[in-house]
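If you want the building blocks of each chain, they are given just below.
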Amino acid sequence: MNDYLKHISKIEKNFNLSINNDLKSLVNYKDYKNLKFQNWCNYQEGFSQNIFDWFLNHNKIKKSSGIFFDPFCGSGSSLISAKNNGFEVIGIDINPFSTLLTETKIEKYSKRDIQHIKDFKVPTYREIKKLYNKFEFSMVRKLYSRKNFTKIELLKRSINKVNNKKAKRFLFTALTCCLESSSYYRKAGNGLKKRKNIIEVDFFYEFKKKKQQMLEDIKYVKNHLSHKVICGNINKIEKIIDVDSVDISLFSPPYPNCFDYFEVYKIELWIGEFIESYEELKKLRKTAITSNLNADLKRDVSSIDIKNLSNLLFLTMKYLKKEDLWNKNIPKMLILYFYEMDIFIKKLYKIIRKGGNVGIVIGNSSYGGIPIISDLILAEIAKQNKFKVKEIIVARNNETASQQYKKISKLIKYIRESVIIIEK
Ligand SMILES: C[S@@+](CC[C@H](N)C(=O)[O-])C[C@H]1O[C@@H](n2cnc3c(N)ncnc32)[C@H](O)[C@@H]1O
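Residues numbered from 1 in each chain as written. Predicted model: local features only at pLDDT ≥ 70, side-chain atom pairs only at ≥ 80, totals over all residues.

(A) Structural detail: the overall build of the protein. Along the protein, the regular secondary structure elements total 18 helices and twelve strands. Based on the C-alpha atoms only, the size of the protein along its principal axes is roughly 70 × 50 × 35 Å. Sorting the 424 residues of the protein into buried and exposed places 43% on the buried side. Across the protein, the fraction of contacts at a sequence separation of at least 24, relative to all contacts at a separation of at least 6, is 77%. (Helix = DSSP H or I, 4+ residues; strand = E, 2+ residues; numbered from the N terminus. Buried ≥ 20, exposed ≤ 12 C-beta atoms within 10 Å, placed from the backbone. Contact = placed C-beta atoms within 7 Å.)

(B) Examining the pairing of strand 3 (residues 88–93) more closely. Burial of strand 3 is extensive: five of the six residues sit out of reach of the surface. In this sheet, strand 3 lies alongside strand 2 (residues 67–70) in parallel orientation, the contact comprising four bridges. Note on strand 3: the bridge partner recorded for Phe68 is Val89. A crossover links strand 2 with its parallel partner strand 3, the connecting element being helix 4 (residues 77–84), and its sense is right-handed. Here five bridges tie strand 3 to strand 6 (residues 227–231), and the two strands are oriented parallel to one another. Following the sheet pairing, Val89 is matched in strand 6 by His227. (Pairing = 2+ DSSP bridges. Right-handed = clockwise from strand over helix to strand, strands pointing away.)

(C) Region of interest: the nonpolar core. In this structure, Leu378 and Ile420 are the most contacted members of the largest nonpolar core, which totals 117 residues. Examining the composition of this core, we find that twelve residues originate from one element, helix 16 (residues 330–351), more than from any other. What Leu378 contacts, discounting residues up to four positions off in sequence, is Met341, Ile360, Ile362 and Ile420. (Core = buried A, V, L, I, M, F, W, Y, C linked by C-beta atoms within 7 Å.)

(D) Representation of the packing of helix 7 (residues 146–160) against helix 8 (residues 165–179). Their axes nearest at 9 Å, the elements helix 7 and helix 8 cross at an angle of 170 degrees. The orientation of helix 7 relative to helix 8 falls into the category roughly antiparallel. Note on element contacts: helix 8 touches helix 7 through Lys168, Leu171, Phe172 and Leu175, opposite Leu155, Lys156 and Ile159. (Axes fitted to C-alpha atoms, helices over the stretch in contact; angles between N-to-C directions. Parallel < 35°, antiparallel > 145°, perpendicular 65-115°, else oblique.)

(E) How the structure looks around helix 4. Within helix 4, seven of the eight residues are buried, which leaves it mostly tucked inside the rest of the structure. Those residues of helix 4 that fall on the buried side of the exposure criterion are Ser77, Ser78, Leu79, Ile80, Ser81, Ala82 and Lys83. On its buried face, helix 4 sits against helix 3 (51–58), strand 2, strand 3, helix 5 (96–106), strand 6 and strand 7 (246–251). Gly86 occupies a position one or two residues after helix 4 and carries a positive phi of about 90 degrees.

(F) Inspection of the sheet that holds strand 1 (residues 17–19) at higher detail. One open sheet accounts for eight strands, arranged 1-11-12-8-7-2-3-6; its pairing is mixed. For this open sheet the edge positions go to strand 1 and strand 6, each flanked by a neighbour on one side alone. Neighbour-to-neighbour, the strand axes of this sheet turn through a mean angle of 15 degrees, independent of strand direction. Across eight bridges, strand 11 (residues 388–397) lies against strand 12 (residues 416–423) in antiparallel orientation. Its bridge partner lying in strand 12, Ile393 is registered against Val419. Strands in contact with helix 5 are strand 3 and strand 6; relative to strand 6, the strand with the most contacts, it is inclined by about 165 degrees. Where helix 16 meets the sheet, its contacts fall on strand 7 and strand 8 (352–363), and the angle it forms with strand 8 comes to roughly 145 degrees.

Here's what the structure looks like:
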């Protein structure tokens, strides 16, 4: 293990590494979950909208200077700030719930659109027969009382009849944003957990409250600039974005920490009817970046030249092989993760203009007591792909599960969340 430590510090010396305590609260969900827009729903993987302002200041980038791109836009945090700072924005995400949320936040609404939203009335309550029949989702009967589930269904039907496209999307977003908070289950770790104290809420009331809150927030988006939000896979970016056209990119890809976003957001995805079958869910999982064990791990990785991707990844794999891991597919998942990130970074290089700055927010993880130092590995990959790695700024050190903590001892300092700043 001492050898491993020596290797890591040698690699670390190749980069300009520092700590910035101001960044801690910008990457820590708990500190900003009550901000406008961010409080629409429980989107724990998001970073703070304010990280964009920090990024502009830190890199001395002028406001209103071109095109901003977030390839993993999630709940749209960076796109709102970029738009408010005078950038045209482009966002992509594979999760249809995320892109719905983002589009609703940054959309340009006319007075007529707003009037349609305001005029929408919740339907009159009535019983519905065969309420659960259309759902393949095994948890569907456990999530709400029959009364609330009926209200959700009645609302969906009424929203579907709204003719104004933007109003319809807005209202549907309001509905999906109430789905978790009104449920008997809540997001917890890598999935859902039954709430200890169940308070029966009135879904119609929650919806009306959410609609009002969202109407207030959208007043704060400057809307004269164009935006594009695409639900799809980042491997298609060259088809969507012109070569050398993007001025800034700031994003947070999935971390290779075994979190499956499709598991975490399953209430919204199923009850919002973004997915209708387990087959569809499987397809979505296959297209996302491989960052968890539900991904397609049947692929052959023997032809991937790990050393060519990153020296540190090669070394990490060597040490990981000696450990008794809780799942035998972990090494494969990690290889695929960095392999896919390498392909993505190559594509990113093409669309960024010369001199354009990119910030990557990433968290390190650990398996079998071996830290997966993703900030250094991704910095190596970016360097290999001709980006200039300007700095790695540590935003915060993470807590790891106590069992892991014992094993990891001296290496604990590598379990951190950082921002890698690179330039074309
Ligand atoms: C850490 S989250 C980003 C959160 C975002 N910064 C925010 O503030 O809400 C990573 C996102 O990457 C998306 N993602 C995963 N694989 C993808 C792929 N192949 N193409 C596009 N998006 C992907 C996930 O759906 C998830 O929303």
